[in-house]
Amino acid sequence: MEATFYLSAAVAVAATLMVVTRASAVHALLYLIVSLLAVAVVFFVLGAPFVAALEVIIYAGAIMVLFVFVIMMLNLGNAAAVKEREWLRPGMWMGPAILSALLLAELIYILVGNEGAAIAGRAAVDSREVGITLFGPYLLGVELASLLLLAGLVGACHLGWHTESAWSSHSESLSDSHGHEHG
Amino acid sequence: MSESARIWANLILILAAVFAFSALLSWIERRLLGVWQDRYGPNRVGPFGILQIVADSIKLLTKEDWVPPFADKAVFVLAPTIVAVTALLAFAVVPIAPDIGVVDLNIGLLFFLAMSSLGVYSVVLGGWASNNKYSLLGGFRAAAQMLSYEVFMGLALMGVVMLAGSFNLRDIVAAQENLWFCVPQILGLATFTVAGIAEARRLPFDLPESENELVAGFHTEYSSMKFGLFFIGEYVGITLISAMIVTLFFGGWLGPLLPPLVWFLLKTFIVIACFVLLRAALPRPRYDQLMAYGWKVMLPLTLVNLLITGAVVLSAA
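Residues numbered from 1 in each chain as written. Chains lettered and ligands numbered in written order. Predicted model: local features only at pLDDT ≥ 70, side-chain atom pairs only at ≥ 80, totals over all residues. Heavy atoms only, no water.

## Things to note about the overall build of chain B
Here's step 1: When helices and strands are tallied, chain B shows twelve helices and zero strands.
Here's step 2: Each helix and strand of chain B, placed in order from N terminus to C terminus, yields the pattern α-α-α-α-α-α-α-α-α-α-α-α.
Here's step 3: The C-alpha radius of gyration computed for chain B amounts to 20 Å, which stays within 12% of the reference 20 Å derived for 317 residues, consistent with globular compactness.
Here's step 4: The C-alpha extent of chain B, read off along each of the three principal axes, is 60 × 50 × 45 Å.
Here's step 5: Buried residues in chain B amount to 54% of all 317 residues.
Here's step 6: Considering only residue pairs separated by 6 or more positions, chain B has 79% of its internal contacts joining residues 24 or more positions apart.
Here's step 7: If you sum the accessible surface of chain B, you get close to 14000 Å²; carbon and sulfur atoms cover 72% of it. (Helix = DSSP H or I, 4+ residues; strand = E, 2+ residues; numbered from the N terminus. Rg over C-alpha atoms; globule rule 2.2 N^0.38 Å. Buried < 20%, exposed > 50% of the residue type's maximum accessible area, 1.4 Å probe, protein only. Contact = heavy atoms within 4.5 Å. Areas by Shrake-Rupley, 256 points an atom, 1.4 Å probe, with all protein chains shown as cover.)

## Examining the overall build of chain A
Here's step 1: Broken down by element type, chain A carries eight helices and zero strands.
Here's step 2: Moving toward the C terminus, one meets the helices and strands of chain A in the order α-α-α-α-α-α-α-α.
Here's step 3: Relative to its full complement of 183 residues, chain A shows a buried share of 20%.
Here's step 4: Counted over contacts in chain A with a minimum sequence separation of 6, partners at least 24 positions apart contribute 63%.
Here's step 5: Here chain A has roughly 13200 Å² of accessible surface; of this, 73% comes from carbon and sulfur atoms.

## Topic: the UniProt feature "transmembrane region" (unreviewed entry) in chain A
Residue and element names in this part refer to chain A.
Here's step 1: The positions UniProt marks with the feature "transmembrane region" (unreviewed entry) are residues 6-23, 30-51, 57-81, 93-112 and 138-161.
Here's step 2: Helix makes up 88% of residues 57-81 and strand 0%, and the two end C-alpha atoms of the span are 30 Å apart.
Here's step 3: Between the C-alpha atoms that bound residues 138-161 there is a distance of 35 Å. The span itself is 92% helix and 0% strand. (UniProt positions renumbered as here; feature names shortened; annotations may be inferred.)

## Quick word on the interface of chain A and chain B
By a widespread convention, an interface's size corresponds to the accessible area lost as its parts come together.
Here's step 1: Taken together, the contacts link 23 residues of chain A with 25 residues of chain B.
Here's step 2: Together chain A and chain B conceal approximately 2100 Å² of surface at their shared face, both sides included; 81% is due to carbon and sulfur atoms.
Here's step 3: Contact with chain B buries surface across chain A, with Ile-57, Val-65 and Met-72 of chain A losing the most and accounting together for 27% of the total.
Here's step 4: Counting across the chain A and chain B interface gives three residue pairs in polar contact (both at pLDDT 80 or more).
Here's step 5: Counting residues per element, the ones that place at least two in the side of chain A that touches chain B are helix H2 (25-45), helix H3 (49-74) and helix H6 (127-134) of chain A.
Here's step 6: Take the side of chain A that touches chain B: its biggest share by element is 15 residues, from H3 of chain A. (Buried area = accessible area lost by both parts, 1.4 Å probe. Polar contact = N/O pair within 3.5 Å; in protein donor to acceptor, adjacent residues only side chain to side chain.)

## Considerations on the UniProt feature "transmembrane region" (unreviewed entry) in chain B
All names here are of chain B.
Here's step 1: UniProt records the feature "transmembrane region" (unreviewed entry) at residues 7-28, 74-97, 109-129, 149-167, 179-198, 227-254, 261-281 and 293-314, using the numbering of this structure.
Here's step 2: Helix makes up 100% of residues 261-281 and strand 0%, with an end-to-end C-alpha separation of 30 Å.
Here's step 3: Annotated as residues 293-314, this span is 100% helix and 0% strand, and its ends, taken at the C-alpha atoms, are 30 Å apart.

## As for H3 of chain A
Residues and elements named next belong to chain A.
Here's step 1: With 26 residues, H3 ought to run about 38 Å at 1.5 Å a step, and its terminal C-alpha atoms sit 36 Å apart, in line with that.
Here's step 2: The sharpest bend along H3 reaches about 35° and sits at Met-64.
Here's step 3: Of the residues one or two after H3, Asn-75 is the one with positive phi, at around 50°. (Expected span 1.5 Å × (residues − 1). Bend = angle between axes of the 7 residues up to and from the residue.)

## So, the packing of H3 of chain A against helix H6 (residues 133-164) of chain B
A pair of packed helices can be characterised by two numbers: the angle between their axes and the separation between those axes.
Here's step 1: Where H3 of chain A contacts H6 of chain B, the axes come no closer than 10 Å and their chain directions differ by 155°. Classified by the angle their axes make, H3 of chain A and H6 of chain B are roughly antiparallel. Pair H3 of chain A / H6 of chain B crosses with left-handed handedness. Judged by residue contacts, Gly-61, Ala-62, Val-65, Leu-66, Phe-69, Met-72 and Met-73 of chain A of H3 of chain A engage Leu-136, Gly-139, Phe-140, Ala-143, Ala-144, Leu-147 and Glu-150 of chain B from H6 of chain B.
Here's step 2: Taken together, the residues that form the contact of H3 of chain A with H6 of chain B break down as eleven nonpolar, two polar and one charged. (Axes fitted to C-alpha atoms, helices over the stretch in contact; angles between N-to-C directions. Parallel < 35°, antiparallel > 145°, perpendicular 65-115°, else oblique. Left-handed = near helix turned anticlockwise from the far one by under 90°. Nonpolar A, V, L, I, M, F, W, Y, C, P; charged D, E, K, R; others polar.)

## Re the packing of helix H1 (residues 2-36) of chain B against helix H2 (residues 52-62) of chain B
Residue and element names in this part refer to chain B.
Here's step 1: Where H1 meets H2, the closest approach of the two axes is 9 Å, and the angle between their N-to-C directions is 120°. In this view, H1 runs oblique relative to H2, as classed from their interaxial angle. Crossing hand, H1 versus H2: right-handed. For the pair H1 and H2, the contacting residues are Ala-23, Leu-24, Ser-26, Trp-27 and Arg-30 in the first and Gln-52, Ile-53 and Asp-56 in the second.
Here's step 2: Partitioned by chemical class, the residues of the contact of H1 with H2 number four nonpolar, two polar and two charged.

## A word on the side chain of Thr-247 of chain B
Residue and element names in this part refer to chain B.
Here's step 1: Looking at the element boundaries, Thr-247 is found in helix H10 (residues 224-249).
Here's step 2: Note on Thr-247: relative accessible area 0%, which makes it buried.
Here's step 3: Excluding residues that lie within four positions of it along the chain, Thr-247 makes contacts with Val-94, Pro-95, Leu-169, Ile-172, Val-173, Gln-176, Gly-252 and Phe-264.

## Looking at a nonpolar patch on the surface
Here's step 1: A contiguous nonpolar patch, built from Leu-140, Leu-144, Leu-147, Leu-150, Leu-153 and Val-154 of chain A and spanning about 640 Å² of accessible area, is present on the exposed surface.
Here's step 2: Its relative accessible area of 59% is what places Leu-153 of chain A among the exposed residues. (Patch = residues over 30% accessible without salt bridge, like charges linked within 9 Å, V, L, I, M, F, W, Y side chains within 5 Å. Salt bridge = Lys/Arg side-chain N within 4 Å of Asp/Glu carboxyl O.)

## Focus on the state of the cysteines
Residue and element names in this part refer to chain B.
Here's step 1: On inspection of all chains with the given rule, the structure shows zero disulfides over all chains.
Here's step 2: The thiol of Cys-182 is unpaired, and the distance to the nearest cysteine sulfur, on Cys-274, comes to 12 Å.
Here's step 3: Take Cys-182: its relative accessible area is 15%, and that puts it in the buried class. (Disulfide = S-S within 2.5 Å.)

## Examining the environment of Ala-175 of chain B
Residue and element names in this part refer to chain B.
Here's step 1: Locating Ala-175 in the fold gives a position in the loop between helix H7 (169-174) and helix H8 (186-199).
Here's step 2: Exposure remark for Ala-175: the relative accessible area of 35% places this residue in the partly exposed category.
Here's step 3: A sequence separation of 99 residues divides Ala-175 from Cys-274, and the C-alpha atoms of the two residues are 25 Å apart.
Here's step 4: Other than its neighbours up to four places away in sequence, Ala-175 contacts Ala-164 and Phe-181.

## So, the nonpolar core
All names here are of chain B.
Here's step 1: With 111 residues, the main nonpolar core has Phe-112, Phe-192 and Leu-248 as its most contacted residues.
Here's step 2: Sort the elements by how many residues they give to this core and H6 lands first, with 14 residues.
Here's step 3: With residues up to four places along the chain from it excluded, the contact list for Phe-192 reads Phe-112, Met-153, Ala-156, Leu-157, Met-244, Ile-245, Leu-248 and Phe-249. (Core = buried A, V, L, I, M, F, W, Y, C linked by side-chain atoms within 4.5 Å.)

## Quick notes on the confidence of the model for chain B
Here's step 1: Taken residue by residue, chain B gives an average pLDDT of 85. The fraction at 70 or more is 99%.
Here's step 2: Interface confidence for the predicted complex, given as ipTM, is 0.81, next to a pTM of 0.83. (pLDDT = per-residue confidence, 0-100.)

Here it is in C-alpha cells:
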C-alpha cells in the first residue's frame, strides 16, 4: 500500500513538472490529466475512495475536457510553441522556483517533525460520511460555493444570450457595410 | 492460492469474452440490420457469414498502418488506445453473476462514470492530433456532445443509488430482488439510455463521425489497426452500456429458473439488439437539436426524477 502511494505521488510530481515545461499547450494539458489521475490514486490509497472517484469524474473527466476543447479551438500552431520556448528562460522561472522551493522545504520540515503520522492504513471514508460532513459542519461553505457557481452560470447565460432583434440588427449592419463597400 | 487463481481466471475469461463478443457484435449488428432492412447482410464467409469477422480482422491487420506526416505523432498513437482501455477497465466493476466479476469495488458506479468520462479524450485527441479540419470538427462535436450528455448520465443514476443506498453494483443488484429498478426509476432508465447511446456515439448521436458531412469525423486519418481500436472500442462501449443498463435497471443476474450467468447474457443481448434497432430506425438529428435536447429536455427530466425519488425515499424512511 505504501509503495503505491509513493509511486503515484512520484508520477504526480513528475507529470506536474512536465506540465510546466512543455511548450505545446495540448501536451501540457495531457500531463496535467496524468497528474490529476495520479492524485486520485493518492486519495484512494489514503482511504478516500469517494473523493478519488470525484477527482477523476470532475477534474480529469469534465474540467480538463473543457480546457482541451478551448485549446483545440484556438488551434495554436508551431509559432505558439516557439514563443512558449522563448518565454521559458531562467529569468522567467527563477523567481517562482525559489518561492516554491521555500514552500517545499517548509513542508518537508513539518513532515519530518511529525514522524508519528502514518501514511496509509486509515479506515476508508465512504460517501455517506463525506455527505454528512459536507451538509453538517461545512454547510455554509457548500452554500457559498453553490452561490459562486450560480453567479458564473448567470454570467455565462447573459453572455450567450442574444435576442432576436439584436441578432437581426447585427446581420443588417453587416449587410450594410457590405453594400457600402461595393457601392 | 486458490482464491488468487479464481480471480485471475475471472479476469482473463472476462477479458477474452468481452473482446470476442465485441468482435462478434460487428457481425451480429450487420445481420440484424439486414433482417430489419429486408436483406441478407454478410452471409458468404463461413456458416451464416459468421467468419466475416475473421476476414475483417485479417484485412484490418494487413492494411498499411499510416501516420500522416502533419499529425502530432505521440498523441495520434495514444488516442485510439484510450477508448479501448477505459471501456475495458470499466468492465472490471460489472457484476456478471454472483461469483463472476473482476473486482467488488464499493464505489463501482462512480468508477464506471469516471472511466466513461475519460473515454472522451480518445475521440477529442484523435480529432485534434490528426491535424485535419474534418477530424477537428468531429473532435469538437465529440467534446461538446459527450460532456453535455455526461452531466445527466451521472444524475440519472443517482435515483438508483438513493433506492439501493449504495454505489456498489453488487448491492444495487441485490436491492432489486423484489422489484427491478426499471419500474420505480422509469425516468432514470429513459435518460440513462439516451445518455448511454450518446456516450457510445451510436447512430442517432454519431455526430462526431457523421460521414455525410465530415468524411469520417474524428477518425478520418486513421487506418489499419489504429482505426480497428476505435472500432473495437465502440463495440466494447455498446456492450458496456448494455451491461450497465441490465445491472442498474433490469436486475442484473436475477431471474427465475435459468442460471444467473445465462440471465445476465440474455438481458444484455436484448438491450444490445434494441441499440441496433435504434440505429436502423432513427435519423441523425442536427447538431443544435442534439444540444438543445440534452440540456433543455433530458437534464430537467433527470432533476425531476431526483426530486420525486428523494421525496419518496424521505417519506418512506
